[in-house]
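As a plain string of letters, each chain reads:
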Amino acid sequence: MSLSVNSRESKVAVIDLNSGNLLSLETAIKTAGYSLATVQKPHVGLLTEYDVLVMPGQGRFAYVMQQIDATGWREFLQEWVRNGKRLVGICVGMQVLFEGSDEDPDTNGLGFFKGRCQKLSHPKAPMVGWAKLDSYKLTMKDQYAYFVNSYAISECAFGTAKVNYGSSFSAAVQRGNLYGFQFHPEKSGQFGRELIKHVCQ
Amino acid sequence: MYVNNKDSNSDLCARIIPCLDVAYGRVVKGTNFKELLDMGDPVELAKMYEQQGADELVFLDIKASVDGQQSALDMVYKVATHLSIPFAVGGGIKTLDDVHKFFHAGADKVTLNTMAVEKPDLINQISTQYGSQSIVVAVDVNQEEDDSLALYTHGGSKRVDIDYHQWISEVVDRGAGEILLTAMHKDGTGSGFDTDLLAQFGADFPVQVIASGGAKGPQDFLAAIHAGADAVLAAGLFHRGEYKVGQIKEYLINNNIKIRNTEC
């Protein structure tokens, strides 16, 4: 189908923020056929060497932001996004693309999207398990995704998928080359694998 | 709850979780003579259950305390690099360092039973360092001769003098993300889950409860979910090939339970 002139495979780098295990994500990206590097610190060569940056995050909002700031990722990611390059945030890695979170009100997020994370309004927390996505995107419509979170973005003008847990929240967001997934594509079965392949293309 | 109606305020699905007993890096089955029957390769069996529609898997290393951990860690790494659904690992976890090794090898969650009772601080430590979603506390209860329910550890061999209700509240306070609640008096009987027990921890309970012990057929899964279980764990009926995960799910979907449909 594709008549792309630039048919070389994408080069994908996963940002290691020392926040959770990267094995499943790395396996998913490699299985999709992309060349993969895991990077702890930003360096200027990344801008020319890589096409896609994937930023997974687990744990508290403040911890993930502290890792981002301590290793100099904040400035680098601003540069990356300014250049229109693709950035994919997963779980807390999506939350930090926003301005902040009620989990740690004094911590500033990256602010690529407007809005703040709020605690899920459901008696059982964390939300753990599978939910069907309400999405207009063919890649996500009516698919089941695996969630593990206690906080989420409730409203976003750039939301591409929604899910209900106590109330509605943004399961996925996208603006241009900036992607966020609140769920874990690397744990979401065959659907998740295909989504990773698609988003790293 | 998990009933499928459009006014529900939750899209979360009830999970179906096959449980595999492992020893020395193989899937095994205990017999009455304490011999272990080799049931196959963990990666192949895990992939088979993933294809059948399992939402998650649990591996319990029933010999971990004897064996040391290397074979279990090797197995976890292989499973993690071949599976695209989450899985928990339990058996023989004694310290925060053990927990770190299992997460490093690729496990999504750890399950604690004996150590939770003997060193309850470990629950707080794991929850603080890795988050409550990473820890499942397995609570084994047995119906005694006077019909009261008693708490057990050591794979169901040692009775503990703690009220199970009080214990469950305590592990939740300490940061457990889920409770794996096994009714020992139902385990292996095929007489269905203990729905009275499950009903004590229903929709308003602050963490999810995984029902275990007694499944014979799809109607037992339905009864457990109706009683309030958020997820249902079973071993024998899957391993013996009596039901595929997909058949259980189809039955639940036909009975209007919110389930991750993998048949499309």
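So, a few notes on the structure that sits alongside this text.

Rules used throughout
Residues numbered from 1 in each chain as written. Chains lettered and ligands numbered in written order. Predicted model: local features only at pLDDT ≥ 70, side-chain atom pairs only at ≥ 80, totals over all residues. Heavy atoms only, no water. Contact = heavy atoms within 4.5 Å. Buried area = accessible area lost by both parts, 1.4 Å probe. Salt bridge = Lys/Arg side-chain N within 4 Å of Asp/Glu carboxyl O. Pairing = 2+ DSSP bridges. Helix = DSSP H or I, 4+ residues; strand = E, 2+ residues; numbered from the N terminus. Buried < 20%, exposed > 50% of the residue type's maximum accessible area, 1.4 Å probe, protein only. Axes fitted to C-alpha atoms, helices over the stretch in contact; angles between N-to-C directions. Nonpolar A, V, L, I, M, F, W, Y, C, P; charged D, E, K, R; others polar. Right-handed = clockwise from strand over helix to strand, strands pointing away. Parallel < 35°, antiparallel > 145°, perpendicular 65-115°, else oblique. Polar contact = N/O pair within 3.5 Å; in protein donor to acceptor, adjacent residues only side chain to side chain. Patch = residues over 30% accessible without salt bridge, like charges linked within 9 Å, V, L, I, M, F, W, Y side chains within 5 Å. Areas by Shrake-Rupley, 256 points an atom, 1.4 Å probe, with all protein chains shown as cover. Arc of directions from axis to C-beta.

Examining the interface of chain B and chain A
The interface is formed by 40 residues belonging to chain B together with 30 residues belonging to chain A. Carbon and sulfur atoms supply 53% of the area that chain B and chain A bury against each other, a total of about 2600 Å² over both sides. The three residues of chain B that bury the most area against chain A are Asp11, Leu12 and Ser84 of chain B, which together make up 22% of that side's buried surface. Joining chain B to chain A, the criterion identifies two salt bridges.

Structural notes on the sheet that holds strand S5 (residues 100–101) of chain A
Residues and elements named next belong to chain A. What the three strands build is an open sheet, ordered S5-S6-S10; its pairing is mixed. Edge strands, defined here as strands with exactly one partner in the open sheet, are S5 and strand S10 (151–153). Across two bridges, the pairing between S5 and strand S6 (residues 116–119) is parallel. For Ser101, the partnering residue across the bridge sits in S6 and is Cys117.

What to know about helix H9 (residues 218–227) of chain B
All names here are of chain B. Most of H9 is tucked away, with seven of its 10 residues classed as buried. Three or more residues of H9 are buried, namely Pro218, Asp220, Phe221, Leu222, Ala224, Ile225 and Ala227. Looking at the packing, one finds that the buried side of H9 touches strand S1 (15–23), helix H8 (195–199), strand S11 (208–212), strand S12 (231–234), helix H10 (236–239) and helix H11 (245–254). Backbone geometry just after H9 places Gly228 at a positive phi near 130°.

Here's the deal with the sheet that holds strand S12 (residues 167–175) of chain A
All names here are of chain A. Spatially, S2-S1-S3-S4-S13-S12-S11-S8 is the arrangement adopted by the eight strands of the open sheet, whose pairing is mixed. This sheet does not close on itself; its edge strands, each paired only once, are strand S2 (35–39) and strand S8 (134–135). Where strand S4 (residues 86–91) lies against strand S13 (residues 178–181), four bridges are found, and the strand directions are parallel. Within S13, the residue paired with Val88 across the bridge is Tyr179.

With respect to the packing of helix H6 (residues 121–130) of chain B against helix H7 (residues 164–174) of chain B
All names here are of chain B. At a closest axis distance of 8 Å, the pairing of H6 and H7 adopts a crossing angle of 35°. Contacts from Asp121, Ile123, Asn124 and Ser127 of H6 reach H7 at Trp167, Val171 and Arg174. A breakdown of the residues in the contact of H6 with H7 according to their chemical character gives three nonpolar, two polar and two charged.

Examining the pairing of S12 of chain B
Residues and elements named next belong to chain B. Covered by surrounding structure in S12 are Ala231 and Leu233 together with Val232 and Ala234, the residues of both alternating faces. As paired elements, S1 and S12 share four bridges and run parallel to each other. Residue pairing across strands places Ile17 opposite Leu233, the latter belonging to S12. With three bridges connecting them, S11 and S12 associate as parallel partners. Looking at the pairing, Ile210 lines up with Ala231 of S12. Between the parallel elements S11 and S12, the chain passes through H9 in a crossover that is right-handed.

Description of the packing of helix H3 (residues 70–80) of chain B against helix H4 (residues 96–105) of chain B
All names here are of chain B. Orientation of H3 relative to H4, taken along the N-to-C sense of each, is 30°, at an axis distance of 8 Å. As far as their axial angle goes, H4 and H3 are roughly parallel. Only Lys101, Phe102 and Ala105 of H4 make contact with H3, whose side of the interface consists of Ala72, Leu73, Val76, Tyr77 and Ala80. Of the residues in the contact of H3 with H4, the class split is seven nonpolar, no polar and one charged.

Section: the side chain of Thr81 of chain B
Along the chain, Thr81 of chain B turns up in the loop between H3 and strand S5 (87–90). Within the structure, the side chain of Thr81 of chain B is placed 3.0 Å from the backbone oxygen of Tyr77 of chain B, a separation counted as a polar contact. The contacts of Thr81 of chain B, once residues within four sequence positions are left out, are Leu23 and Thr27 of chain A.

Details of the environment of Gln69 of chain B
Residues and elements named next belong to chain B. Mapped onto the secondary structure, Gln69 falls in the loop between helix H2 (64–67) and H3. It is 28 Å that separates the C-alpha atoms of Gln69 and Ala231, two residues lying 162 residues apart in sequence. Setting aside chain neighbours within four positions, we find Gln69 in contact with Gly92, Asp98, Lys101 and Phe102. Polar contacts involving the side chain of Gln69 include one to the side chain of Asp98, which spans 3.3 Å.

Topic: a nonpolar patch on the surface
Residue and element names in this part refer to chain B. The grouping of Tyr24, Leu36 and Ile62 at the surface amounts to a nonpolar patch, some 260 Å² of accessible area in total. In this fold, Ile62 is placed in the loop between strand S4 (57–61) and H2. Here Ile62 falls in the partly exposed class, since its relative accessible area comes to 38%.

A closer look at the environment of Ile15 of chain A
Residues and elements named next belong to chain A. Turning to its location among the elements, Ile15 is positioned in strand S1 (residues 11–15). Since its relative accessible area comes to 1%, Ile15 is described here as buried. For Ile15 and Gly89, which are 74 residues apart along the polypeptide, the C-alpha to C-alpha distance reads 9.8 Å. Discounting residues that sit within four places of it in the chain, Ile15 has contacts with Val39, Leu53, Val54, Met55, Pro56, Trp73 and Leu77.

Focus on H11 of chain B
It helps to recall that an α-helix has 3.6 residues per turn; residues three or four apart then point in one direction. Residues and elements named next belong to chain B. Three or more residues of H11 are buried, namely Val245, Gly246, Ile248, Lys249 and Leu252. The buried residues of H11 occupy an angular sector of 155° when the element is viewed end-on, so they sit on one face. One or two positions beyond H11, positive phi appears at Asn256, with a value near 70°.

Here's the deal with the side chain of Ser134 of chain B
Residue and element names in this part refer to chain B. By the secondary structure assignment, Ser134 is in the loop between H6 and strand S7 (135–143). Its relative accessible area of 2% is what places Ser134 among the buried residues. A polar atom in the side chain of Ser134 sits 2.6 Å from the backbone oxygen of Gly131.

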